[in-house]
Amino acid sequence: MQCLRQIRCVTKLRAAAPTSRLLKVTNLLRSVSTLQQKKQEMADNKPWVLISEIGDKGFHEDVVDIINQHFHIVCLKEFLQNPALHGPKIQGMFMWNFSPAAEPSLLSCLPSLKVIANGGVGIDHLDVPYINSFGVKVTNTPGVVSDATADMAMALLLASARTVIEGHLISVDSKTTHVPQSLMGVEVTGSTLGIIGMGHIGYKVAQRSKGFNMRILYHNRNRRSVEDEQAVGASYCEKLDDLLKESDFVVVVVNLTPDTTGLISHRELSLMKPTGTLVNVSRGLVVDQDALVKALMSGTIRAAALDVTHPEPLPRDHPLLTLPNVLITPHIGTNTRGTIRKMVQMMVDNVLAAVKGLAVPNEVKAK
Amino acid sequence: MFLNVFLSQQEMADNKPWVLISEIGDKGFHEDVVDIINQHFHIVCLKEFLQNPALHGPKIQGMFMWNFSPAAEPSLLSCLPSLKVIANGGVGIDHLDVPYINSFGVKVTNTPGVVSDATADMAMALLLASARTVIEGHLISVDSKTTHVPQSLMGVEVTGSTLGIIGMGHIGYKVAQRSKGFNMRILYHNRNRRSVEDEQAVGASYCEKLDDLLKESDFVVVVVNLTPDTTGLISHRELSLMKPTGTLVNVSRGLVVDQDALVKALMSGTIRAAALDVTHPEPLPRDHPLLTLPNVLITPHIGTNTRGTIRKMVQMMVDNVLAAVKGLAVPNEVKAK
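Conventions adopted
- Residues numbered from 1 in each chain as written.
- Chains lettered and ligands numbered in written order.
- Predicted model: local features only at pLDDT ≥ 70, side-chain atom pairs only at ≥ 80, totals over all residues.
- Heavy atoms only, no water.
- Buried < 20%, exposed > 50% of the residue type's maximum accessible area, 1.4 Å probe, protein only.
- Helix = DSSP H or I, 4+ residues; strand = E, 2+ residues; numbered from the N terminus.
- Pairing = 2+ DSSP bridges.
- Right-handed = clockwise from strand over helix to strand, strands pointing away.
- Domains from an automatic or database assignment.
- Contact = heavy atoms within 4.5 Å.
- Salt bridge = Lys/Arg side-chain N within 4 Å of Asp/Glu carboxyl O.
- Polar contact = N/O pair within 3.5 Å; in protein donor to acceptor, adjacent residues only side chain to side chain.
- Nonpolar A, V, L, I, M, F, W, Y, C, P; charged D, E, K, R; others polar.
- Buried area = accessible area lost by both parts, 1.4 Å probe.
- Phe/Tyr/Trp six-rings, centres within 6.5 Å; stacked < 30°, edge-to-face > 60°.
- Lys NZ or Arg CZ within 6 Å of the ring centre and 35° of its normal.
- Axes fitted to C-alpha atoms, helices over the stretch in contact; angles between N-to-C directions.
- pLDDT = per-residue confidence, 0-100.

A.B. asks: I'm lost on the pairing of strand E11 (residues 303-306) of chain A in this one. Help?
C.D. replies: For a regular strand, the rule is simple: side chains alternate between the two faces of the sheet. Residue and element names in this part refer to chain A. Where burial is concerned, the two faces of E11 agree: the one with Ala303 and Ala305 and the one with Ala304 and Leu306 are both buried. Strand direction decides the pairing type here: strand E10 (residues 277-280) and E11, joined by four bridges, are parallel. Note that in E11 the partner of Asn280 across the bridge is Leu306. Once the chain exits E10 it traverses helix H14 (residues 289-298) before rejoining the sheet at E11, and the crossover so formed is right-handed. Sheet analysis places E11 next to strand E12 (residues 326-328), joined by three bridges and oriented parallel. Within E12, the residue paired with Ala305 across the bridge is Leu327.

Have a look at this one:
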């Protein structure tokens, strides 16, 4: 960024008064500034990293300072204009919203790459063994995403149960003449919540639901300790089917793996109550979307609230977009200023450790 | 004529008292709950009643008021010489002149307690939807023109934030109980301080001065009755004391908040956002500025709109009217102060 400013500055000087003496001076200035810049970079000794972009499709500009503090940043667009220029220097890649994609064509331009730091805890989109084969580590951001994601699950559950979207749209509609008594929701207090996936985030969902006097069931690969269960009043369902049959709200909070792909399909949806609501904050592929559409249209379940779909965003003609009993948010489960800053800070720490050859805190190892 | 005689015999055999309601359907009682009233009463709807007040008027002993209708006006009350009770659906009775109604020899009842869970749930739903940009997110997700996931859609943290509850009655306390699970720091302001046990159970701290609560809260939730003291409680001054990142949530009555002051505060960034289940009037005029501000969430007074809660409310209204009709002690009578 400094370099750009200097070049602009020199260019302005140049444009101002093009006499031969001034030209010599500007040329001299330019050499000096380039030398200064190189000295700056060597003095800075800040490693170089690649990111997708700053702005609406990439890193929020509010958080770039965290990265800038420790690294020189190259954006993907600029990088691709001349991969040979910065490629050899880049030691780390910050992946946000699955971008830049870790494809062979890109990785082969980055001979010094030591680490790909993912923003977020899910790494189903990354072929870890493949990336490792390039001598590159993969890191994620566990823990810091849990509160915000659990909050989002509760926000979706409550908004769906209490018809917040429909209510708001009626309230602000220019054609509305009276308060509709027919806008009816379902009770949250005292209802039964079924949590599929009781990891970090799932457990926090349980903690939040307890305050609503919800009866909490959970299904997990491994059962939690008795203390954990008692602290939130959660009962273990060894069989997923039992959880599905008894729950008023089913919240899906699992990693995407081969085992969980299509976990919720026709059969599972048909086991749910017709008054039941499905909430998904995992990955779109955990739910069979065609099965979900059918279940929603036929009244097999009451409603669904999804922060994740496959793909993201959905094609504009997808049936989920027009069903009245679906709430969809655009994968904003961690979109709070505080949480995003924590995620980026963790990514910075991950990359710094890898660059320095230290133990990498949040490395994702191939299984 | 034969049918009329037959019906009258049936009615006399039933001995079910007669009650007046506004209507069944979208502006009145949900048809799902009418069976609860039918079990004990003959129902006359307002429209039918007004066609011939003299026909049923003398028989009507109870009036079920839902969504402020039928209105307890002198013109109506004077047609109901046998009226013993007006049973309101809901706990707030600011719309009823209780001493005036009592002067007709008519009691007033409401439905406290049964509305508390659903209303507290609604307050949390509004708080979370506003904080996490659920409406904006949904509209972007389903918009035919959306091409990518917008990273700029940014909300505010709920976990670990500070919640200020204004009005720590039945409903306010339940809001505190729900917020505790989110690790929120809970402040409250109330006419009377709660017991130490109550405070400790939810981790709530008393703010004797409302100003202190306003200055420190990330979310201000208003859960008071509407009285002369609370009318316009939240106005320019109160809003300016709030954080610019603060959110106002109102599940009380529209008149507790000075709406003009709120519009100004939202437009100027004095506060971040507002989420309202109540306005004044309801619904707002279609050209009201609140309807087009991007940082306002409004729901149409649906704080108790769940099947379970509405059935409980109607059952309570039935119990209230039955007691009054039978001359027994009326469980939820609202006495004039």
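A.B. asks: Which parts of the structure should I look at to understand the domain arrangement of chain B?
C.D. replies: Quite often, the size of an interface is put as the accessible area lost when its parts meet. Residues and elements named next belong to chain B. Each domain of chain B was delimited in the assignment, giving domain 1 (1-113 + 306-334) and domain 2 (115-298). Computed over C-alpha atoms, the centres of domain 1 and domain 2 are 34 Å apart. Of the residues lining the interface, nine residues belong to domain 1; the matching set on domain 2 comes to seven residues. At the surface where domain 1 touches domain 2, the tally comes to one salt bridge. With its nearest N and O atoms 3.1 Å apart, the salt bridge here joins Asp94 to Arg253. At the junction of domain 1 with domain 2, the criterion picks out three residue pairs in polar contact (both at pLDDT 80 or more). Its residues placed into classes, the side of domain 1 that touches domain 2 shows three nonpolar, five polar and one charged.

A.B. asks: I'm lost on the interface of chain B and chain A in this one. Help?
C.D. replies: Listed as interface residues are 63 residues of chain B and, on the opposing side, 63 residues of chain A. Both sides of the chain B and chain A interface together cover about 5600 Å² of buried area, and 58% of this is carbon and sulfur. Three residues, Arg132(B), Gln151(B) and Arg286(B), lead the burial of chain B against chain A; their summed loss comes to 13% of the area buried on that side. Where chain B packs against chain A, one counts zero salt bridges. Put simply, chain B and chain A have 28 residue pairs in polar contact (both at pLDDT 80 or more) between them.

A.B. asks: Got a minute to help me understand the packing of aromatic side chains in this structure?
C.D. replies: Any two aromatic rings considered together are summarised by their centre-to-centre distance and by the angle between their planes. Inspection of every chain in the model, using the stated rule, returns ten aromatic pairs over all chains. Both rings, one in Tyr130(A) and one in Phe134(A), keep their centres 5.2 Å apart while their planes meet at 70°; by these two values the pair is edge-to-face. A relative accessible area of 35% places Phe134(A) in the partly exposed class. In textbook terms, an aromatic cluster arises when at least three aromatic residues are bridged by ring pairs, as seen for Phe59(A), Phe71(A), Phe94(A) and Trp96(A). Above the ring of Trp48(A), the side-chain terminus of Lys89(A) is found at 3.8 Å from the ring centroid. Over the ring of Trp18(B) we find Lys59(B); its NZ or CZ atom is 3.9 Å from the centre of that ring.

A.B. asks: Is there a simple way to think about the sheet that holds strand E7 (residues 185-189) of chain B in this case?
C.D. replies: Within a sheet, each strand pairs with its neighbour through backbone hydrogen bonds, oriented either parallel or antiparallel. Residue and element names in this part refer to chain B. One open sheet holds the seven strands; their spatial order is E8-E7-E6-E9-E10-E11-E12, and the pairing between them is parallel. Both outer strands of the open sheet, strand E8 (204-206) and strand E12 (296-298), are each paired with one neighbouring strand and no more. On average, adjacent strands in this sheet sit at an angle of 15° to one another, irrespective of strand direction. Alignment of E7 against E8, held across three bridges, turns out to be parallel. Note on E8: the bridge partner recorded for Leu187 is Ser205.

A.B. asks: What is the right way to look at unusual backbone geometry in this model?
C.D. replies: Apart from glycine, the bulk of residues carry a negative phi angle, and the bulk of peptide bonds sit in the trans form. The amide bond that connects Ser99(A) to the next residue, Pro100(A), takes the cis arrangement and shows omega of 0°. Inspection of the secondary structure assignment puts Pro100(A) in the loop between strand E3 (90-95) and helix H6 (104-107). Note that the residue after Ser69(B), namely Pro70(B), is joined by a cis bond; omega there is 0°. Locating Pro70(B) in the fold gives a position in the loop between strand E3 (60-65) and helix H5 (74-77). One non-glycine residue with positive phi stands out, namely Phe68(B), at about 70°. With respect to the helices, strands and loops of the structure, Phe68(B) is situated in the loop between E3 and H5. A relative accessible area of 36% places Phe68(B) in the partly exposed class.

A.B. asks: Explain the confidence of the model for chain A to me, please; I cannot follow it from the model alone.
C.D. replies: For any part of a model where pLDDT is low, the fine detail of the predicted coordinates should not be relied upon. Of the residues in chain A, 89% reach a pLDDT of 70 or more, and the chain-wide mean stands at 91. Confidence drops under a pLDDT of 50 for residues 1-18 of chain A, and excluding neighbours within four residues, the segment shows 15 contacts in the predicted structure.

A.B. asks: Where do I start with the pairing of strand E10 (residues 247-250) of chain B in this structure?
C.D. replies: Residue and element names in this part refer to chain B. Because side chains alternate across E10, one face comprises the buried residues Thr247 and Val249, and the other comprises Leu248 and Asn250, equally buried. Inspection of the sheet shows strand E9 (residues 219-222) paired to E10 by four bridges, in the parallel sense. The partner of Val221 across the bridge, within E10, is Val249. Between the parallel elements E9 and E10, the chain passes through helix H12 (residues 236-241) in a crossover that is right-handed.

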